[in-house]
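Here are the chains, one letter per residue:
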Number of protein chains: 2
Amino acid sequence: MNQVLKKGRVLPDMEREVIELFIRMADVLNLPRSVGEIYGLLFISSDPLCLDDCRIRLNISKGSTSQGLKILRSFGAIRTVYIPGDRKDYYVAETSLRKMASGFASEQILPHVHNGEDRIGRIQGLLDQQESDDKETLQEKIDLLKNWQKRAGKTLPLILKLIGS
Amino acid sequence: MNQVLKKGRVLPDMEREVIELFIRMADVLNLPRSVGEIYGLLFISSDPLCLDDCRIRLNISKGSTSQGLKILRSFGAIRTVYIPGDRKDYYVAETSLRKMASGFASEQILPHVHNGEDRIGRIQGLLDQQESDDKETLQEKIDLLKNWQKRAGKTLPLILKLIGS
DNA sequence: CATAATGTTCAATTTATACTGAACATATCA
DNA sequence: TGATATGTTCAGTATAAATTGAACATTATG
């Protein structure tokens, strides 16, 4: 099939459905819609696409496309391929669930976990310098938080293991 | 400590921090801010609170409070307690991570998983009734999607197991 | 060096989502 | 029964987030 025609044609039903699927996934993962669209397009595309390919086929702006690709790169959901004699960057979708999950965990989840750790530390500090009649009860609750935190920290890597290759 | 005074006083630093922590958690889980606030307040409160207690202390609207409590009830993050001689509903925070995670999974995650299953079925249908030169490649990709779906379905219950009691 | 090609950034705008508050439903009480 | 207390619903509004597009970097090319 002619490359130019292929890139130029409107999205057929199946591509639409696949992209829609990834839009929903993006939504669940708290990622912008455009990120789902771009990943879906790259996932179903038979060859690498550049920024403009995505922009045109999805009918979204340059800025959104650039941001979207950046986010996808940030957790390893896409990978750059070099095409000789072309200055543009071309992308393909990474298909290893393991890689993506691990990238997503470390880039999008861990920061929140660490943020939570900090905050719990600060809460403990506030309790320590406080004199109150229900100090013990409060301490129990903070201990509960610490326990959740610990379990979250341990479960995350286990999940990645479970997801396998 | 006097019950009336206690309920009426402004939120002290520690409660603020705890609530802030749950606001962040709610954000990660794609839940409205108010849901995090309400859960946080109930979590740190030493006694059950009714809708109006939450509304007043958090300074949010009746509607938000009602909706938030409904969402928290929907996945078992809070529990109603009966207080004799009072017509109001009183709530306490559920503290079993297991219960909450399982409720959250079945109420907030599984519907998306099922939705995805449906869509993948539809995509397979579209491919079946199509004659294209790259049919095999596309079938491989759909198979990949099915594989992800299957692993997601199997991993979810395992996560719940891991989280333990 | 000037021009063109490519990608990034960010202020302004649009869009999606959550929140508000008044009207409503329901239950209790006098 | 009418008045009061409690909670829900939902149309309108406010808020937060994503998107746009033009200006700006950067790099290549003639």
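Bear in mind that the values here come from a model prediction, so they are computed numbers and not experimental data.

Peer 1: For the sheet that holds strand β1 (residues 49-50) of chain B, give the residues involved together with the corresponding values.
Peer 2: Residues and elements named next belong to chain B. The strand order across the open sheet built from three strands is β1-β3-β2, with neighbouring strands paired in antiparallel fashion. Strands at the two margins of the open sheet, each flanked by one partner only, are β1 and β2 (78-81). Pairing geometry for β1 and strand β3 (residues 90-93), over two bridges, is antiparallel. Paired with Cys-50 across the bridge in β3 is Tyr-90. In the packing of helix α3 (residues 33-44) onto the sheet, the strands contacted are β1, β2 and β3, and the crossing angle to β3 comes to about 85°.

Peer 1: So what about the packing of aromatic side chains? Which residues, and what values?
Peer 2: For any two aromatic rings, the description comes down to two numbers: the centre-to-centre distance and the angle of the planes. All chains considered together, the criterion is met by 11 aromatic pairs over all chains. Taking the centre distance of 5.0 Å and the plane angle of 65° together, the rings of Phe22(A) and Tyr39(A) count as edge-to-face. Placement of the pair is Phe22(A) in helix α2 (residues 13-28) and Tyr39(A) in helix α3 (residues 33-44), with a sequence separation of 17 residues. For the pair formed by Phe22(A) and Tyr39(A), the shared burial category is buried. Aromatic pair Phe22(A) and Trp148(B): ring centres 6.5 Å apart, planes at 80°, arrangement edge-to-face. Linking Phe22(A) in helix α2 with Trp148(B) in helix α7 (residues 135-163), this pair reaches from one chain into another. Accessibility expressed as a relative area gives 8% for Trp148(B), which makes it buried. Grouped by ring-pair contacts, the aromatic residues Phe22(A), Tyr39(A), Phe43(A) and Trp148(B) constitute a single cluster.

About the thresholds
- Residues numbered from 1 in each chain as written.
- Chains lettered and ligands numbered in written order.
- Predicted model: local features only at pLDDT ≥ 70, side-chain atom pairs only at ≥ 80, totals over all residues.
- Heavy atoms only, no water.
- Pairing = 2+ DSSP bridges.
- Helix = DSSP H or I, 4+ residues; strand = E, 2+ residues; numbered from the N terminus.
- Contact = heavy atoms within 4.5 Å.
- Axes fitted to C-alpha atoms, helices over the stretch in contact; angles between N-to-C directions.
- Phe/Tyr/Trp six-rings, centres within 6.5 Å; stacked < 30°, edge-to-face > 60°.
- Buried < 20%, exposed > 50% of the residue type's maximum accessible area, 1.4 Å probe, protein only.

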